[in-house]
Amino acid sequence: MKLEVTNVSIQVRHHKIVDDLSMTLDQGELIGLIGPNGAGKSTLLRSIIGAGHRSTGGFAIDGVPLSELSALQRARRLAYLPQERHVEWQLPARAVVMLGRFPYRHGFGPPAPECEAAVDRALAAVEATSFAQRSVTSLSGGERARILLARALAVEAPLLMADEPIAELDPYHQIHVMEILRDKANEGSGVLAVLHDLTLAARFMDRLILIDRGQVVAEGRPDQVLSDANLQNVYKISTLQEFTSSGPLVLPWQRTDREGQ
């Protein structure tokens, strides 16, 4: 299953957030969407799932415009992890994960065995089984983030959009979440993730798409996109880069737009 974004522009209050942007995502691919704050990354993801502002251009899956799919059809094809982690529901964490199975539920009866199994798999993947019966409002920020990721995984959709999936997580769980996304892609899903950690983006992603002011500045292998010139041009930073046996290391080092430099 292939996602195609073609010449998409999105305007919010007379300000163009995404400007004539095109990209593709194939099943089996893990793509990192990177760029500075305000570049249009989250706006793009919300528009792909149909929850964003009015846009021009096209979104299609396997050549079928998303506008021609019902909400249910779209929900079964596209799973989404939002950037916002705030939850007010007084529900057990497992029940929140079960919400990911909504596109497959019929009526208000008990969940089917296949839905229970999908939730079990998602909870195990994020190592959250031990606190699945606790109220989600009692969880720490990191635990809640893992439960919301589990909700997206429980959909078991062929395409997954993840907006800053490692935000609020400690280093162990940041690496773990990246491994989960890598495994999802290896199993055949297409995964598009917004990231700010350049080392994890370089280490785990098949491709990176660097955007600034709503436009694609560079796209390709991580080592191509994370060049000194691109990072200075877009982020206004210099980096220290090292290639190790475990993968590349990209350490933001200093701002390059300071006076006197």
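Here the structure is shown first, and the text comes after it.
It should be emphasised that the depicted structure is a prediction, and the values quoted were computed from it without experimental measurement.

Visitor: Please set out the packing of aromatic side chains residue by residue, giving values where relevant.
Guide: The tally for this structure, following the rule as stated, stands at zero aromatic pairs. One residue, Arg 101, lies across the ring of Tyr 104, its end atom 4.2 Å from the ring centre.

Visitor: Report on the pattern of salt bridges, specifying residues and quantitative values.
Guide: For the structure on display, the rule yields nine salt bridges. The closest approach of N and O atoms between Glu 143 and Arg 134, which form a salt bridge, is 3.9 Å. Assessed through its relative accessible area of 18%, Glu 143 is described here as buried. Residue classification places Arg 134 among the partly exposed positions, given a relative accessible area of 35%. Salt-bridge contacts for Asp 223 lead to Arg 221; the nearest nitrogen and oxygen are separated by 3.0 Å.

Visitor: Could you give an account of the layout of surface pockets, naming the residues involved and the relevant values?
Guide: Size it by volume and the largest pocket reaches roughly 370 Å³. Lining the largest pocket are 17 residues, with Ile 49, Ala 75, Leu 78, Ala 79 and Tyr 80 sitting closest to its centre. Only helix H2 (71-77), strand S6 (78-81) and helix H5 (141-154) provide two or more residues apiece to the lining of the largest pocket. Taken together, the residues of the lining of the largest pocket break down into 13 nonpolar, two polar and two charged. The computed volume of the second largest pocket comes to approximately 200 Å³. Surrounding the second largest pocket, 13 residues form its lining, Arg 121, Ala 125, Leu 153, Lys 184 and Glu 187 being those nearest its centre. Contributing elements (two or more residues each) for the lining of the second largest pocket: helix H4 (113-125), H5 and helix H6 (171-186).

Visitor: Lay out H4 in plain terms, naming residues and giving numbers.
Guide: Note: α-helices contain 3.6 residues per turn, so residues at a spacing of three or four share the same orientation. With 13 residues, H4 ought to run about 18 Å at 1.5 Å a step, and its terminal C-alpha atoms sit 18 Å apart, in line with that. Those residues of H4 that are buried lie in contact with helix H3 (93-98) and H5. Phi turns positive, to about 55°, at Glu 127, one or two residues after H4.

Visitor: Pulling in residues and values, what's your account of unusual backbone geometry?
Guide: Positioned with a positive phi, Asn 7 is a non-glycine residue whose angle comes to about 50°. Locating Asn 7 in the fold gives a position in strand S1 (residues 2-12). The partly exposed category is assigned to Asn 7, whose relative accessible area is 40%.

Visitor: Let's hear about the sheet that holds strand S9 (residues 207-212): which residues, and what values?
Guide: Ordered by their spatial adjacency, six strands build an open sheet running S6-S7-S8-S3-S9-S10, and the pairing between neighbours is mixed. With partners counted over all chains shown, the strands left at the sheet margins are S6 and strand S10 (215-220), one partner each. Taken over all neighbouring pairs, the strand axes of this sheet differ in orientation by 15° on average, direction set aside. Two strands pair when backbone bridges link them, and strand S7 (residues 159-163) and strand S8 (residues 190-194) are joined in this way by five bridges, in the parallel orientation.

Visitor: Can you lay out the environment of Ser 22 for me, pointing to particular residues and giving the numbers?
Guide: As for its position among the elements, Ser 22 is in strand S2 (residues 15-26). When its relative accessible area of 31% is taken as the criterion, Ser 22 is described as partly exposed. Sequence-distant contacts of Ser 22, defined by excluding residues within four places in its chain, comprise Val 5, Thr 6, Asn 7 and Val 216. Side-chain polar atoms of Ser 22 contact the backbone nitrogen of Asn 7, separated by 2.7 Å.

What counts, and where the lines are drawn
Residues numbered from 1 in each chain as written. Predicted model: local features only at pLDDT ≥ 70, side-chain atom pairs only at ≥ 80, totals over all residues. Heavy atoms only, no water. Phe/Tyr/Trp six-rings, centres within 6.5 Å; stacked < 30°, edge-to-face > 60°. Lys NZ or Arg CZ within 6 Å of the ring centre and 35° of its normal. Salt bridge = Lys/Arg side-chain N within 4 Å of Asp/Glu carboxyl O. Buried < 20%, exposed > 50% of the residue type's maximum accessible area, 1.4 Å probe, protein only. 1 Å grid on protein atoms, 1.4 Å probe; cavity = no way out; pocket = protein on both sides within 12 Å on 5 of 7 lines; lining within 4 Å. Points joined across faces, edges and corners; volume = space filled by probe spheres on them. Helix = DSSP H or I, 4+ residues; strand = E, 2+ residues; numbered from the N terminus. Nonpolar A, V, L, I, M, F, W, Y, C, P; charged D, E, K, R; others polar. Expected span 1.5 Å × (residues − 1). Contact = heavy atoms within 4.5 Å. Pairing = 2+ DSSP bridges. Axes fitted to C-alpha atoms, helices over the stretch in contact; angles between N-to-C directions. Polar contact = N/O pair within 3.5 Å; in protein donor to acceptor, adjacent residues only side chain to side chain.

Honestly, it's all geometry; don't read function into it.
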